[in-house]
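For reference, the chains in residue letters:
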Amino acid sequence: QVQLVESGGGLVQAGGSLRLSCAASGRTFSAYAMDWFRQAPGKERELVAAITWSGSNTYYADSVKGRFTISRDNAKNTLYLQMNSLKPEDTAVYYCASSRYGTNFSEYAMAYWGKGTLVTVSS
C-alpha cells in the first residue's frame, strides 16, 4: 500500500521559512516524479512545484519561483519543499503527490496523494 505522509506545516510570520517533508512508502520512490500542490480555502488546487525521478528537472509555479525549492532524497524516500520569504497568500493545505511516471509531473499523471499539511502565514 502506497503511503505519502506530509509534515512540517505550521504557523509562521510573513517573511519566515518552513520546510515541508513528504515521507513515501509502498513503492519504489526513486522511480517516480513527485509534486507539491496546495489548496487555499475557497480556491482550486494549484501545482506549486514538481521534480522528476532523478531530480534533474524541476518546475515551479510563477507565484513561488525564487522563494520555494523542491528537492528529494531517494535514499531516504523523502520529498522536500523549502519555503522562504513566505507570504500570507501562501496559506494553504500543502499536499505531496506521486506520479505514475518518472518524468511526467503534470497533475493528470499523479497516482497517489498524501493527506496534506496546513501552512498558515500571518501578516
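A brief report on the enclosed structure follows.

1. Remarks on the state of the cysteines
- Applying the stated rule across the entire model yields one disulfide.
- C22 shares a disulfide with C96; S-S distance 2.0 Å. Handedness here is read from the sign of the S-S torsion; for C22 and C96, about 55°, the answer is right-handed. Taken together, the residues span a long stretch of sequence, with C22 in strand β3 (residues 18-25) and C96 in strand β9 (residues 92-99) at a distance of 74 residues.

2. Focus on the packing of aromatic side chains
- For the coordinates displayed, the defined rule picks out two aromatic pairs.
- On the numbers, 4.7 Å between centres and 45° between planes, the contact of F37 with W113 is tilted. In this pair, F37 is assigned in strand β4 (residues 34-39) and W113 in strand β10 (residues 110-113), connecting sequence segments 76 residues apart.
- Judged by its relative accessible area of 0%, F37 is buried.
- Classification of W113 as partly exposed rests on a relative accessible area of 31%.
- Aromatic pair Y59 and F105: ring centres 6.4 Å apart, planes at 35°, arrangement tilted. With Y59 in strand β6 (residues 58-60) and F105 in the loop between β9 and β10, this residue pair connects regions lying 46 residues apart in the sequence.
- Judged by relative accessible area, which is 19%, F105 ranks as buried.
- Here the guanidinium or amino end of R27 rests over the ring plane of Y32, the centre of that ring lying 3.5 Å away.
- We note R72 situated over the ring of F29; from NZ or CZ to the ring centre the distance is 4.4 Å.

Analysis parameters
Residues numbered from 1 in each chain as written. Predicted model: local features only at pLDDT ≥ 70, side-chain atom pairs only at ≥ 80, totals over all residues. Heavy atoms only, no water. Disulfide = S-S within 2.5 Å. Helix = DSSP H or I, 4+ residues; strand = E, 2+ residues; numbered from the N terminus. Phe/Tyr/Trp six-rings, centres within 6.5 Å; stacked < 30°, edge-to-face > 60°. Buried < 20%, exposed > 50% of the residue type's maximum accessible area, 1.4 Å probe, protein only. Lys NZ or Arg CZ within 6 Å of the ring centre and 35° of its normal.

What is shown is where atoms sit, not what they do.
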